[in-house]
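This is what each chain is made of:
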Amino acid sequence: IGSPITLYTPKDSYKVPDHAVPYTEGGSKALVGCLGWKCAETGGDRAGFWMPGEDGKGRVQRVPTAFETLLGNPDASMVLVQDTHDITEAVNPTVISK
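Quick look at the structure, then. (Residues numbered from 1 in each chain as written. Predicted model: local features only at pLDDT ≥ 70, side-chain atom pairs only at ≥ 80, totals over all residues. Heavy atoms only, no water.)

Some words on the side chain of Thr 84
Part 1 of the argument: Its location among the elements puts Thr 84 in the loop between β6 (76-80) and α2 (87-91).
Part 2 of the argument: Only 3.4 Å separates the side chain of Thr 84 from the side chain of His 85, close enough to count as a polar contact.
Part 3 of the argument: Those residues in contact with Thr 84 that sit more than four places away from it in its chain are Pro 4, Leu 35, Gly 43, Arg 46 and Phe 49. (Helix = DSSP H or I, 4+ residues; strand = E, 2+ residues; numbered from the N terminus. Polar contact = N/O pair within 3.5 Å; in protein donor to acceptor, adjacent residues only side chain to side chain. Contact = heavy atoms within 4.5 Å.)

What follows is the structure, given as structure tokens:
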């Protein structure tokens, strides 16, 4: 609980493991992943945090990835991420303008 997560959309031909956790909000067909050394491509892939749900099970608390932040801010030239585990920083990223 509280760990950063990634969301990856597999190809249709991918055999999804039984233990995989799907993320389907907003029509997404993604799988929840971690930011572990052999799981995520980069820290920039962080797409949310694993948080407690009302039903007692974990759920995704979605935050924009660094790339989504750049796309949403036409004046931005970069996003600085000091700590991929900090949800406050994820919600209010440091954006450097051109």
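Let us keep going from here.
Some remarks on the pattern of salt bridges
Part 1 of the argument: If you walk through the whole model with that rule in mind, you get 1 salt bridge.
Part 2 of the argument: The closest approach of N and O atoms between Glu 68 and Arg 62, which form a salt bridge, is 2.7 Å. (Salt bridge = Lys/Arg side-chain N within 4 Å of Asp/Glu carboxyl O.)

With respect to the sheet that holds strand β5 (residues 58-62)
Part 1 of the argument: Spatial strand order, β2-β3-β1-β4-β5: 5 strands in an open sheet with antiparallel pairing. A strand with exactly one partner marks an edge of an open sheet, and here the two such strands are β2 (22-23) and β5.
Part 2 of the argument: With 3 bridges joining them, strand β1 (residues 4-8) and strand β4 (residues 46-52) adopt antiparallel strand pairing. Within the sheet, the bridge partner assigned to Thr 6 lies in β4 and is Arg 46. (Pairing = 2+ DSSP bridges.)

Overview of the pairing of β4
Part 1 of the argument: Note that β4 and β5 share 5 bridges and pair antiparallel. Looking across to β5, one finds that Gly 48 is bridged to Arg 62.
Part 2 of the argument: Counted between consecutive antiparallel strands, the loop separating β4 from β5 contains 5 residues, among which Gly 56 sits at a positive phi close to 90 degrees.

Section: the pairing of β1
The side chains of a regular strand alternate, first on one face of the sheet and then on the other.
Part 1 of the argument: The element β1 is extensively covered by neighbouring structure, given that 4 of its 5 residues are classed as buried.
Part 2 of the argument: Of the strand pairs in this sheet, β1 and strand β3 (residues 30-34) are connected by 4 bridges, and their pairing is antiparallel. If you follow Leu 7 over to β3, its bridge partner there is Val 32. (Buried < 20%, exposed > 50% of the residue type's maximum accessible area, 1.4 Å probe, protein only.)

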